[in-house]
Structure formats: C-alpha cells, structure tokens
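Secondary and tertiary structure notes
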Amino acid sequence: MLRTSISLLITFCFTSGVFAFSGEADSIEISRLFNKAKELSKTDLQGAFRQIAEAKHIASKNHSDKLYAAALYEESQYLYQEGKYAEMVDSCVLAAKLFKKANLASDEAKCYSKIGVGYANMNRYKDALQAFFTALSVNEAIDDDKAVAAVNQNIGIVYTNLKDWDNALKFSLKSLEYKKSVNDSVGMASTYSNIGNIYYGKKEYSESVQFFRMAINADNKGPNKSTAMPIRYSNMANSFMEMGKYDSAIFYNEAALKLLGNKKEIWQRLWCQVLTNLGASWFRKGDINKTTFYLKECAPCESTVRDITYLTDLYRLKANYYKQTGDYKEAVKYSELASNIKDSMLANAQNLEYQKMGIQYEFDQKAHEDSLRYQLALSEQRSQAATYKSRMYLILAIGLAVLFLSVIAISWLRISQRIRRRKELERVRLDIAGDLHDEIGSTISSIQIISSMMGSASKADQKVKEAAENINRLSNKVAGGIREVVWSLNPENDNLEAIVSQLYKITADVLNTANIPFTFVKELRDPKKKLSPQVRKDFMLIFKEAVNNARKYSRATQVDIRIEQVDEKVVLKIKDYGCGFDPETIERGNGLYNMERRAKNLDALLRVESVKEKGTTVHLEVPIA
C-alpha cells in the first residue's frame with residue numbers, strides 16, 4: 001500500500017515562516033536575499049545557498065540574533081531539499097536557541113518541528129519525537145491551535161512508521177480536533193488520510209475505507225485535488241482489495257490512474273503502484289488477459305522503482321502470475337526475489353520494534369512527572385495571560401503611539417540640527433580658507449621675494465646665498481602645503497569631480513618630476529556626489545602614499561591609474577610596471593601601515609598585490625553612501 005512518506009512529513013514545516021524582522025535596511029536586504037534564494041532553489045540549489053550565506057554574513061556583521069536565526073531557518077529548507085538531514089538539524093538547533101533568546105516562541109517551535117522532520121528522515125524516531133514534543137509544548141503555551149494540530153499530526157505519523165498504532169491514532173485524533181476547531185479543511189483531509197493509513201495498518205479495513213472516503217470528500221472542497229486525490233483513491237482501492245471487494249478496488253485504482261494523467265514521470269512511484277494493484281485485482285478476479293496487460297504496462301517499474309514495499313507487491317504478483325500461466329522458472333525466480341525482500345523487511349520491522357520499545361520505556365518513566373509539571377505551568381500561564389491580556393494590549397497601544405510621535409519629533413530635530421551644523425561648518429571652513437590664503441599666503445610670498453633678492457644681492461657671500469636658497473626652498477614647500485590646506489577647506493571641493501581633478505594634479509606633480517609616464521582614467525557616474533571631509537582626507541592620503549611609493553621604490557616604467565564610481569563606492573586601482581616585491585619577505589613600513597589604518601577608518605576594502613619583476617597593484621574600494 002502507498003503510505004505517507006516521511007519526506008512529506010507535514011508541509012507546514014517547510015513553508016516560509018514570518019519572522020520578527022526589524023524595520024531596518026539590513027532586514028529588508030535579508031528578506032530580498034530570501035526571496036531570491038527561494039526563486040533560485042527551483043533550478044539552482046547552490047545559488048540559493050549563496051544567497052543564504054550572504055544573508056548570514058549581513059546578520060552576523062550587525063550582531064542580530066533574530067536575523068541570523070531566520071537565515072539558519074531558511075538554509076535548513078534547502079538542506080532538506082538536498083537530503084542533508086544532519087546539517088539541517090544542526091542549523092535548526094542553533095536557530096531555535098537564538099529564537100528562544102529573542103523571545104520568539106512561534107519561530108522557536110517551527111525550528112523544533114523541522115528538527116523532528118530531519119530526525120524522522122534519518123529514521124531516528126526517538127529524537128524526532130522529542131523534538132516534536134518540544135514544539136508541541138511551546139505551541140500550546142502560546143495558544144497557536146493551528147501549529148498544535150500540525151505537530152500532533154507529525155507525532156502521529158512518526159508512531160505510524162513505528163507501527164505503534166494506538167499512539168498513532170491518539171495523536172492523529174488530537175490533530176483532527178484542533179483542525180476542526182480552526183476550520184482547516186485541507187488539514188482535515190490530510191489527517192483523515194493518516195487515520196485511514198493507521199486503520200489499514202491495524203487491518204481494520206472497513207474503518208480505513210471510512211476515513212479515506214472522508215479525506216476524498218474533504219479534498220473535493222480544497223485546493224489539493226490534483227495532487228493528493230490520486231493517493232487517496234489508491235489507498236481506498238488497497239483497503240477494498242484486502243476486503244476482497246475487487247470491483248471497488250479496480251474502480252478506485254482506475255480513478256487514481258485517470259487523475260495521474262500524463263504525470264507518469266512526476267508520480268512514478270504512485271503510477272507503478274496503481275498499475276501493479278490493478279494487475280493484482282484482475283488476477284484475483286481470474287482475468288489473466290487484464291493481468292497480462294497491466295504487468296506489461298508496469299514492466300519498466302521493476303528497474304526504476306527501488307521501494308522495497310512496492311517491489312514485494314510486484315514480485316509476489318509476478319510469481320503467482322507465472323505459476324498460473326505455467327512458466328515455473330520465472331515463478332521460482334520471482335518467489336525467491338520476494339522472499340529476499342521479505343527478509344529485509346523483517347529485519348527493518350525488528351529494528352522499528354526495538355526503537356518503539358526504547359521510546360515507550362523512556363516516555364513511561366517521564367510521563368507522569370512531566371505531565372503534572374506541564375499542566376501546572378500551562379495553567380499558570382493561561383491564568384496570567386487571561387488576567388493581563390487586555391491591560392497589555394492597552395499599554396502596548398499607548399506605548400506605540402508615544403513611541404511613534406517621539407521618533408518623528410526626534411528625527412525632525414536631528415535633521416534640522418544636522419543641516420544647521422553643516423551650514424555653520426561650511427561657513428567656518430570657507431572663512432579659514434580665505435584667511436590662510438590672504439594672510440599666510442601673502443606673508444610666505446613676501447618671504448620668497450625677500451629670500452630671492454637676498455640671494456641675488458649676496459653673490460660674494462656663499463653662506464648667505466645658501467641660507468637664502470634654503471629659505472626660498474622651505475617657503476615654496478610651505479606655500480604648497482598651504483595651498484593644499486586651502487583647497488581641502490573649501491566646501492566647493494567636497495564633490496568627486498573636484499577631488500579627482502586634485503588627484504590628477506598630485507599625480508602629475510609626483511611622477512613628472514621622476515620622468516615616469518602615466519595614464520589617468522576616470523569614470524564618474526555622479527561627479528557632484530559629495531564626500532565628507534574625513535572620508536576625503538583619508539582617501540586622498542592613501543592615494544598620495546600609493547603614488548609616492550610608486551615613484552620612490554618601484555623603478556616603474558609606467559603607472560596606470562583608474563578611478564571609477566560603482567554603485568555607492570569609489571573604486572581606485574593604481575598599477576605600476578616596476579620591480580615589485582615579495583609580500584612574504586618585505587618588511588612592512590609606516591606607509592603601508594598608515595594606508596591600512598586609514599582604509600579601516602573608511603570601512604573600505606584595501607588590497608596590495610605585488611609580484612617581483614612584474615610590479616605592484618593597489619586596489620581600494622571606498623563606500624560613499
């Protein structure tokens with residue numbers, strides 16, 4: 001019989017949960033990555049994992065337990081798709097701890113449900129039940145009836161796989177009660193079908209037919225008709241066949257086959273089971289021609305379907321068929337194959353029995369104490385919730401209103417203060433630049449003129465001439481420095497276009513004096529984009545350090561410089577064609593240390609790559625948002 005597979009263990013566990021994200025930009029970006037991963041998972045599972053890895057990086061960088069837990073939960077879905085159940089369990093265990101720390105009980109419960117699913121797929125039923133009971137306890141504490149119904153159904157399915165029919169029926173009926181209370185017709189259909197499977201396992205076939213019929217009726221009213229209905233019909237047919245009602249069995253198997261239509265590749269296991277069951281029904285009716293027809297139809301199934309339950313049914317049918325038709329060689333062959341599989345199934349059944357005994361022993365030991373403790377805690381929680389619920393809603397509403405108004409007021413004040421401070425700062429910068437240019441600049445110009453005259457008038461005195469030349473050289477150096485300071489202080493030079501023009505001038509001054517040819521390429525998408533004074537300062541100092549290093553140490557024959565604006569970053573690349581150096585042996589000086597320190601201040605990416613005799617490349621990415 002086609003029973004519910006562990007891999008289909010309650011679909012609610014694998015729908016995307018709604019997590020308690022904050023309203024910040026990072027949570028929006030992570031939500032975008034989740035959506036992209038979901039889309040990629042249909043065709044490129046590794047691409048989905050890359051999106052989740054990026055989401056985990058963002059959450060970790062911002063120290064957000066909630067966002068990191070949400071990323072782990074999403075990752076577990078794709079680990080499940082890939083069949084990596086142990087890794088799926090590990091992700092959900094960590095996510096559950098983080099959700100619990102953040103007081104997100106609903107999301108914590110979802111993680112425990114997924115942990116149960118992972119263990120069940122690994123046939124670790126004891127661990128699966130422990131996880132599901134934890135999820136059940138959390139969901140009951142927060143009065144989430146829909147989730148309680150789903151977890152009870154999961155527990156019932158695990159007991160069904162353990163062939164513990166009494167417990168399977170107990171928890172499935174509990175699930176049904178909750179689903180009726182929340183009017184979940186789709187969930188009710190699923191639970192009816194599970195109960196039908198339980199009665200089938202108990203060999204109570206008339207009750208099995210009753211619940212399968214209820215599942216079919218519920219399916220007719222819901223959205224699962226095209227997917228779940230063939231399974232319902234097939235299960236109904238199996239129950240009729242066990243009751244000896246072969247006409248009814250044939251009717252429902254043919255109905256299942258009709259619903260499957262041309263979906264043979266998608267529903268191969270079910271398709272083969274239905275064909276084999278039809279062949280078995282006709283064989284029991286004594287119609288060899290019909291049996292022959294359906295055995296031919298399911299001929300490929302023997303090599304493509306590896307499910308031992310199905311193969312047992314097929315081999316038994318073929319053994320009886322060949323015996324009936326007089327082909328005793330084939331009859332013996334398939335009898336032996338069926339016997340071998342039966343031995344394997346007996347070993348598996350014994351293993352399940354041992355698991356069931358171990359689980360029952362442990363649960364019996366803890367049941368009474370846990371039940372009393374749980375009932376007491378639940379009673380206290382519900383009492384407190386009933387007492388304070390209305391008061392908390394009122395306080396929450398008032399608090400949210402006050403918070404909303406406060407945020408608006410504080411934001412408005414901060415924005416207005418920021419604008420005023422910026423204008424005041426720009427005015428002060430402009431005044432300082434004017435004073436430096438007018439007063440100190442004119443004074444240095446006078447020193448330069450006097451020193452030149454003094455040097456010319458004192459040709460006979462060599463010491464005076466040398467002193468005058470030194471004064472002139474130093475005053476030229478100071479004048480150049482003052483010009484750079486004046487340029488930096490001028491607010492009009494805060495935009496990218498002015499900064500890049502200044503960088504070109506610096507490059508020309510530095511490299512032309514050393515007779516080093518260079519190229520300077522700029523690609524600015526938004527030339528008027530402004531940089532803060534601190535960002536501009538550190539960016540220009542890193543640039544000057546890199547260019548000076550190329551002039552002093554590289555013995556370069558050519559220097560290529562490229563500055564471009566990519567999204568919200570300025571990307572700088574300086575490549576010299578010089579002697580290069582070995583990064584493993586070179587002694588790190590103050591220059592490289594200062595570059596790294598300034599890049600860290602900018603939250604920028606800095607890479608210095610060098611190959612001996614081939615040159616050095618400095619790559620810098622500065623965020624400007």
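In the block above lies the structure referred to throughout.
Now for a description of the structure that goes with this document. Computed from a prediction, not measured in an experiment: that's the story for all the values here.

Glancing now at the pairing of strand E4 (residues 605-611). Pairing between E4 and strand E5 (residues 615-623): seven bridges, direction antiparallel. Note that in E5 the partner of Glu609 across the bridge is Thr617. Counting the residues in the hairpin turn of E4 and E5 gives three residues, including Glu613, whose phi is positive at 70°.

A few words on helix H1 (residues 25-40). End to end, H1 covers 23 Å across 16 residues, agreeing with the expected 22 Å (1.5 Å per residue, within 8%). The set of residues buried in H1 consists of Ser27, Ile30, Leu33, Phe34 and Ala37. An end-on view of H1 places all buried positions within 115° of arc, on one side of the element. Exposed residues on H1 whose side chains face more than 90 degrees from its buried face are Ala25, Ile28, Asn35 and Glu39. On its buried side, H1 packs onto helix H2 (45-61) and helix H3 (65-81).

Next up on the list: unusual backbone geometry. Glycine aside, negative phi is the norm for most residues, and most peptide bonds take the trans geometry. A positive phi is found at Lys163, a non-glycine position, where the angle reads about 60°. Structurally, Lys163 can be placed in the loop between helix H7 (145-161) and helix H8 (165-181). Of note, Asp603 is a non-glycine position whose phi angle comes to about 55°, a positive value.

Next up on the list: the state of the cysteines. In this structure the tally under the stated criterion is one disulfide. Note on cysteine connectivity: Cys272 is disulfide-linked to Cys301, with sulfurs 1.9 Å apart. Sign of the S-S torsion, about -80° for the bond between Cys272 and Cys301, identifies this disulfide as left-handed. Of this pair, Cys272 sits in helix H13 (residues 268-285) while Cys301 sits in helix H15 (residues 301-304), and the two are 29 residues apart along the sequence. Like Cys272, the residue Cys301 is buried in the burial classification. The thiol of Cys111 is unpaired, and the distance to the nearest cysteine sulfur, on Cys92, comes to 5.3 Å.

Our focus in this paragraph is the packing of aromatic side chains. Scanning the model with the defined rule gives 16 aromatic pairs in all. With a centroid separation of 5.1 Å and 90° between ring planes, the pair formed by Phe251 and Tyr252 is classed as edge-to-face. Since its relative accessible area comes to 54%, Phe251 is described here as exposed. What makes Tyr252 buried here is its relative accessible area of 13%. Taken together, a centroid distance of 5.7 Å and an interplanar angle of 40° make the contact between Tyr315 and Tyr334 tilted.

Definitions and limits used
- Residues numbered from 1 in each chain as written.
- Predicted model: local features only at pLDDT ≥ 70, side-chain atom pairs only at ≥ 80, totals over all residues.
- Heavy atoms only, no water.
- Pairing = 2+ DSSP bridges.
- Helix = DSSP H or I, 4+ residues; strand = E, 2+ residues; numbered from the N terminus.
- Expected span 1.5 Å × (residues − 1).
- Buried < 20%, exposed > 50% of the residue type's maximum accessible area, 1.4 Å probe, protein only.
- Arc of directions from axis to C-beta.
- Contact = heavy atoms within 4.5 Å.
- Disulfide = S-S within 2.5 Å.
- Phe/Tyr/Trp six-rings, centres within 6.5 Å; stacked < 30°, edge-to-face > 60°.

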